[in-house]
Amino acid sequence: MYREVNVVADDITKGNATEAALRESAERFRFLAESMPHITFTAKPNGDLDYFNQELTTFTGLPAETIKGWGWTQFVHPADVEKNVRAWKHSIETGEPFAFEHRFRRADGVYRWFLCRAVPMRDAQGKIIMWVGTNTDIDELKRDEQTRARLAAIVDSSEDAILSKDLAGVVTSWNAGAERLLGYTADEMIGRSVFDLIPPEHRADEAGLLEQLREGKTISPYETKRLARDGRQVEVSLTLSPIRDSNGKVIGASSITRDITENKKIEAALRESEERFRSLADNMGPLAWMGNADGYITFYNRRWYEYTGTDYEQMQGWGWEKVHHPDHLSRVIAKWRDNLAKGEAWEDTFPLRGKDGRYRWFLSRAFPLRNSEGNITRWFGTNTDVTELRDAQESLRQAQQELRRHAVALEGTVAERTAELNRTISELEAFSYSLSHDMRAPLRAIRNFTQIVLDEEGPKLGEDSRIYLGKVASSAERLDRLIADVLVFSRISQDKIELRPMEVQPLLEQIIAERPELQAPQAHIRIESPLPAVLGHEASLTQCFTNLLSNAVKFIAPGVTPQVRIWGQIQDRQVRLWFGDNGIGIAASDQPKLFGMFQRAHNDRQYEGTGIGLAIVHKAVERMHGTAGFESEPGQGSKFWIQLPRPL
């Protein structure tokens, strides 16, 4: 066929052909193309399809005008279009013949594989004047190749040993699974007798199997042993199938050999486990039983039979109904069937009749046992005698009723005492506030009059007197600061606050701008922007930031410039603000008490303070529904943090 196409193409491309001869040659080509069983086409030098035979429109079911040019790409499988177009354009650019496998969509929507070939036709000067090509249906061949490849891959990748042999027992194929199982390579085993793999005591069995194969029989899995290269005997399960030629004659056998050594060990372990289970079940205190997935009871322990006076023949399946109290039976059955259907653990309490005819109460539980796929294979249940426990519970119930009566009376007393305590606390807070406020006036008088004496009479006084008066003024000033901090703490504790979204960075910058000790060169404070907004109260935040910044620049080793870093973290619906410094740090022994009132970690003479600042921070953060904390080591600085809610 391709020779004829080339002959016609030769005819067309002869440079000295007359127009009539060209028309005649084209007509001959079209006649030949229409009579071909393949899809035949021609294309312009630029790749535009300008002719195709009827076979293409019949196959695709598309109108001819939609296919010409590059319209043919519409029925090529989407996964093949890009590669096809790229290869086709490469041939157009280089003038090389084109060959490509791709899928065409048939009129019914089914894709089939085609081999597309195209060759360039040239004039006498070697210039391409057209392309001539064919598309040959190779779908069946392609599927056969894929099937063979899949089968080969399955055999090669199988964990089982798969081999074939002729009717004399000579090995003809040997996969990787056989090599792993028995230790021989394919080169070592192909051509050898399969009897070399069979222990002497089993060779007679193999001869019988070969005879059955000659008769065309398939041998279902059966268990035997095989000899590995290192001399081990391997427990295996074999499946043998006859191999036939094209005429149906048996010419050999295929063998699938599976290692069941571990299965045998598991079976032995299961038997031992079953024996242990029965021994344990027979000697446990509660009544015990086991059933199938559908609830059919297959086992009871010895305690069940001793209590009920029955035997297995009476109790198997649903025979247990005979020992249930009739007033409870229908309820118990309904609940048990419901749990079976849902596959959920079951629990119930009901009376069971003993061999003496009397009923005792039992707490009964059953749990589903599942396999690796999650399917229920069995149910295991127990019945525990709770008669005495129920009697005790009834006594306890009566005692609880009596206790509740006393509790109601006690709750009234507690509520009354709580209200009284709250009144007392309010009175104490008011008293504390009043006392602290009224004490400041005489303290200012002491401080001012002391300073007047020092200023006016200082030169007349002795050195010791001046020192003592200075200490009086200093103490009065310190006590005034202490009272002021107590007032702040009291106000924070009592004032009603309203939380709202707040941007904390402008507030921090304002505090720093108003306090010279927080500005360069006295201190270097770096705010890492942007700081997250918080849900807070401006006055309370001002107290927190002021105290934390003051402490950060105060507790510094002599001669060291304070370095303070402020940054924020978002943690779910919370914001944590950090204040890190290069200060002297805090000893571990002082850390637990740091947020308490009047607690100080450092010497008053070296570092002034009232011991209330961090208590104010803690109380203010607490009232804003937040928390506070710190990390510190002596000589390594400190990192204090406050954590507040984020705005919604």
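Please read all numbers here as calculations on a predicted model, not as lab measurements.

A. Region of the structure containing the environment of Gly629. Looking at the secondary structure, you find Gly629 in strand 21 (residues 627-632). Sequence separation of Gly629 and Trp578 is 51 residues, and the distance between their C-alpha atoms is 9.6 Å. Every residue in contact with Gly629, bar those within four places of it in the chain, is listed here: Phe595, Lys639, Phe640 and Trp641.

B. Spatial organisation of the packing of helix 16 (residues 504-514) against helix 17 (residues 538-554). Where helix 16 meets helix 17, the axes come as close as 10 Å, and the angle between the chain directions of the two elements is 55°. If you check the angle between helix 16 and helix 17, you find them oblique. Crossing of helix 16 against helix 17: the hand is right-handed. Along its contact with helix 16, which presents Val504, Leu507, Leu508, Ile511 and Ile512, the element helix 17 presents Glu538, Leu541, Thr542, Phe545, Thr546 and Leu549. Of the residues contributing to the contact of helix 16 with helix 17, the split by class is eight nonpolar, two polar and one charged.

C. Looking closely at the pattern of salt bridges. Under the definition given, this model contains 28 salt bridges. The partner of Arg229 in a salt bridge is Glu188, with the nearest N and O atoms 2.9 Å apart. Residue Arg229 is located in the loop between strand 8 (219-227) and strand 9 (233-244), and its partner Glu188 is located in helix 8 (residues 186-189); the two are separated by 41 residues in the primary sequence. A relative accessible area of 49% means that Arg229 is categorised as partly exposed. Two residues, Glu394 and Arg397, come together in a salt bridge whose shortest N-O distance is 2.4 Å. Pair noted here: Glu394 and Arg397 are both in helix 14 (residues 387-457), with a separation of three residues, about one helical turn.

D. Highlighting the sheet that holds strand 7 (residues 171-174). The antiparallel open sheet is built from five strands, whose spatial order is 7-6-10-9-8. Looking at the sheet topology across the chains shown, the edges are occupied by strand 7 and strand 8. On average, each strand axis in the sheet is inclined to that of its neighbour by 30°, with strand direction left out of account. Pairing geometry for strand 6 (residues 161-166) and strand 10 (residues 250-259), over six bridges, is antiparallel. Paired with Ser164 across the bridge in strand 10 is Ser254. Sheet strands touched by helix 9 (residues 203-214): strand 6, strand 8, strand 9 and strand 10. Its angle to strand 8, the strand with the most contacts, is close to 145°.

E. Structural view of unusual backbone geometry. Note the cis peptide between Ala520 and Pro521, where omega equals 5°. Each neighbour pair has its own omega, and for Ser529 with Pro530 the value is -10°, a cis peptide bond. Along the polypeptide, Pro530 turns up in the loop between strand 17 (524-527) and strand 18 (534-536). Positive phi, close to 55°, is recorded for Asp572, a residue that is not glycine. Structurally, the position occupied by Asp572 is in the loop between strand 19 (563-571) and strand 20 (574-581). For Asp572, a relative accessible area of 70% translates into the label exposed. A positive phi angle is found at His625, which is not glycine, with a value near 65°. Positionally, His625 belongs in the loop between helix 18 (613-623) and strand 21.

Cut-off values and rules
Residues numbered from 1 in each chain as written. Predicted model: local features only at pLDDT ≥ 70, side-chain atom pairs only at ≥ 80, totals over all residues. Heavy atoms only, no water. Helix = DSSP H or I, 4+ residues; strand = E, 2+ residues; numbered from the N terminus. Contact = heavy atoms within 4.5 Å. Axes fitted to C-alpha atoms, helices over the stretch in contact; angles between N-to-C directions. Parallel < 35°, antiparallel > 145°, perpendicular 65-115°, else oblique. Left-handed = near helix turned anticlockwise from the far one by under 90°. Nonpolar A, V, L, I, M, F, W, Y, C, P; charged D, E, K, R; others polar. Salt bridge = Lys/Arg side-chain N within 4 Å of Asp/Glu carboxyl O. Buried < 20%, exposed > 50% of the residue type's maximum accessible area, 1.4 Å probe, protein only. Pairing = 2+ DSSP bridges.

All quantities given are derived from atomic positions and should not be read as evidence of function.
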